[in-house]
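# Report on the structure
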Amino acid sequence: MELDWLTFAEFSLVGLASGGLLALIALGFVLVYKGTRVINFAMGEFMMIGAYLFWTFAVPLKLDWWFALALTVAGIALVAAVVERLVLRPLSGQPTISIVMATIGLAGLLHGLAEGIWGGKDLALPQILPRKPLLLGDVMLQGQVLWSFVIAVGLIAAFTAYFRFSRNGVAMRAAASDPVTAYAMGIDVRRTSRLTWIFAGVTGAVAGIIVASMTSLTPSLGNVALGVLAVIILGGLDSIAGAIIAGLIVGWLESITVMLFGGLARDVVPYVVVLVILMVRPYGLFGTRDIERL
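Residues numbered from 1 in each chain as written. Predicted model: local features only at pLDDT ≥ 70, side-chain atom pairs only at ≥ 80, totals over all residues. Heavy atoms only, no water.

Looking now at the overall build of the protein chain. Across its full length, the protein chain carries 12 helices and 2 strands. Listing each helix as α and each strand as β along the protein chain from the N terminus yields α-α-α-α-β-β-α-α-α-α-α-α-α-α. Its C-alpha atoms give the protein chain a radius of gyration of 19 Å, near enough to 19 Å, the size a compact globule of 294 residues would have. Based on the C-alpha atoms only, the size of the protein chain along its principal axes is roughly 65 × 55 × 35 Å. When contacts within the protein chain are restricted to residue pairs at least 6 apart in sequence, long-range pairs at least 24 apart make up 74% of them. In the protein chain, 18 side chains carry a positive charge and 16 a negative one; their mean positions are 12 Å apart. (Helix = DSSP H or I, 4+ residues; strand = E, 2+ residues; numbered from the N terminus. Rg over C-alpha atoms; globule rule 2.2 N^0.38 Å. Contact = heavy atoms within 4.5 Å. Lys, Arg positive; Asp, Glu negative; His and termini not counted. Charge placed at Lys NZ, Arg CZ, Asp CG, Glu CD.)

Right, here's the structure in full:
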């Protein structure tokens, strides 16, 4: 019985730690949705491009990992700004489905560019996350999983503080809530939209680097983001707090499912639980409920 509880504790810790990374990826989705009311289906490709940029700076160019990371953040910020200016801004005011299809097309374009530039072979990123495990009594947590959780929590906390206390963050929240009124109050809505995409790109790039450093880097890395849709739907499409809590819930559910039923059920059981919850709360745990008066 003691072994069962020990196994349960280990899988629970791993699941919660992995959930932090899911929350970080979900944050990128939430930022774009709060600012544009559109789900960015190219989020996974931002993760992939960020990881490829980091590999380019760190391996062929042999730069220190911290310098490579800084250049990657600058590079993905530039990519996100160009995407917002050339792809999304011309579609302002168009039906939502048009913008959604644009992000899907963008995902295919970025995927094709990655294969054309870097090829389709598996690449190995430098091991930037410490491997030393953490021992909590008899429970062991892998070092890479632990540090991925720490980085995710740190970034989420930094973005949350920025949106809550900084002048630009308040302006971004105002523009996301009511762009017409925000524009009338003198807020540069175009600038806040650009910042939204830049921040989403940065979170995606960091998440992509973490995932690729723990596994490998291929153009299919972006598929990881599709598995996060359950997180953003469960937490609420426009809720940062919901993304955090839902990420922990889904991460824990996936880990416990592996423990109880094996890896084949990992991608099924959490989604069934999410579906049941959404039947009770269709807007997610913390999503804003829109009320329209007819």
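For the rest of this paragraph, the subject is the packing of aromatic side chains. Aromatic ring pairs are reported here in terms of the distance separating the ring centres and the angle at which the planes meet. Under the defined criterion, the tally for this structure stands at 9 aromatic pairs. Ring centres of Phe-159 and Phe-199 lie 5.3 Å apart, and the angle between their planes is 65°; on these two criteria the pair is classed as edge-to-face. Of this pair, Phe-159 sits in helix α5 (residues 143–165) while Phe-199 sits in helix α8 (residues 189–214); the two residues are 40 residues apart in sequence, bridging distant segments of the chain. Taken together, a centroid distance of 5.9 Å and an interplanar angle of 80° make the contact between Tyr-162 and Phe-163 edge-to-face. Residue class for Phe-163 comes out buried when judged on its relative accessible area of 7%. Among the aromatic residues, those joined into a cluster by ring pairs are Phe-159, Tyr-162, Phe-163 and Phe-199. (Phe/Tyr/Trp six-rings, centres within 6.5 Å; stacked < 30°, edge-to-face > 60°. Buried < 20%, exposed > 50% of the residue type's maximum accessible area, 1.4 Å probe, protein only.)

This part takes up the confidence of the model for the protein chain. The pLDDT averaged across the protein chain works out to 85; a share of 97% of its residues lies at or above 70. Across the protein chain, helix α2 (residues 43–58) holds the top mean pLDDT of 94, while strand β1 (residues 134–136) sits lowest at 76. (pLDDT = per-residue confidence, 0-100.)

Attention now goes to the packing of α2 against helix α3 (residues 65–88). One way to put it is that α2 packs onto α3 with a least axis distance of 8 Å and a crossing angle of 140°. On the basis of the axis angle, α2 is oblique to α3. The hand of the α2/α3 crossing is right-handed. Contacts between α2 and α3 pair Phe-46, Ile-49, Gly-50, Leu-53, Phe-54, Phe-57 and Ala-58 from the former with Trp-65, Ala-68, Leu-69, Leu-71, Thr-72, Gly-75, Ile-76, Val-79, Ala-80 and Val-83 from the latter. For the contact of α2 with α3, a count of residues per class yields 14 nonpolar, 3 polar and no charged. (Axes fitted to C-alpha atoms, helices over the stretch in contact; angles between N-to-C directions. Parallel < 35°, antiparallel > 145°, perpendicular 65-115°, else oblique. Left-handed = near helix turned anticlockwise from the far one by under 90°. Nonpolar A, V, L, I, M, F, W, Y, C, P; charged D, E, K, R; others polar.)

Below, the discussion takes up the packing of helix α6 (residues 167–177) against α8. Between α6 and α8, the least distance of the axes is 9 Å, while the angle of their chain directions is 105°. Looking at the two axes, α6 sits roughly perpendicular to α8. Together, Asn-168, Ala-171, Met-172 and Ala-175 of α6 and Arg-191, Thr-192, Leu-195, Thr-196 and Phe-199 of α8 make up the contact between the two elements.

Moving on, we come to unusual backbone geometry. The residue Lys-62 is not glycine, and still its phi comes out positive at about 55°. Within the secondary structure layout, Lys-62 lies in the loop between α2 and α3. Accessibility expressed as a relative area gives 71% for Lys-62, which makes it exposed.

The next thing to look at is the pattern of salt bridges. Within this structure, the stated rule accounts for 1 salt bridge. Measuring nitrogen to oxygen at the nearest pair gives 3.2 Å for the salt bridge that ties Arg-89 to Glu-84. Judged by its relative accessible area of 19%, Arg-89 is buried. (Salt bridge = Lys/Arg side-chain N within 4 Å of Asp/Glu carboxyl O.)

Bringing the environment of Val-231 into the picture now. Topologically, Val-231 is positioned in helix α10 (residues 229–235). A residue is classified by how much of its surface remains accessible, and Val-231, at 0% relative accessible area, is buried. Along the chain, Val-231 and Trp-5 lie 226 residues apart, while their C-alpha atoms are 27 Å from each other.

Time to look at α5. Relative to the 33 Å expected for 23 residues at 1.5 Å per residue, α5 spans 33 Å between its end C-alpha atoms, a close match to the ideal helical length. Those residues of α5 that fall on the buried side of the exposure criterion are Gly-143, Gln-144, Val-145, Leu-146, Ser-148, Ala-152, Ile-156, Phe-159 and Phe-163. (Expected span 1.5 Å × (residues − 1).)

Our focus in this paragraph is the side chain of Ser-255. Here Ser-255 is to be found in helix α11 (residues 240–261). Discounting chain neighbours no more than four positions away, the residues touching Ser-255 are Phe-11, Ser-12, Val-14 and Gly-15.

Within the secondary structure, Asp-178 sits in the loop between α6 and α7 (179–184). Taking relative accessible area as the criterion, Asp-178 reaches 34% and is therefore assigned partly exposed. Note: C-alpha distance between Asp-178 and Phe-8 (170 residues apart in sequence) is 46 Å.

Between the first and last C-alpha of helix α12 (residues 269–280) there are 18 Å, a value that for 12 residues agrees with the 16 Å anticipated at 1.5 Å per step. Every buried residue of α12 is accounted for by Pro-270, Val-274 and Leu-278. One side of α12 carries all its buried residues, which in axial view fall inside an arc of 70°. Exposed positions of α12 whose direction lies more than 90 degrees from the buried face are Leu-275, Met-279 and Val-280. Where α12 is buried, its residues contact α10 and α11. (Arc of directions from axis to C-beta.)

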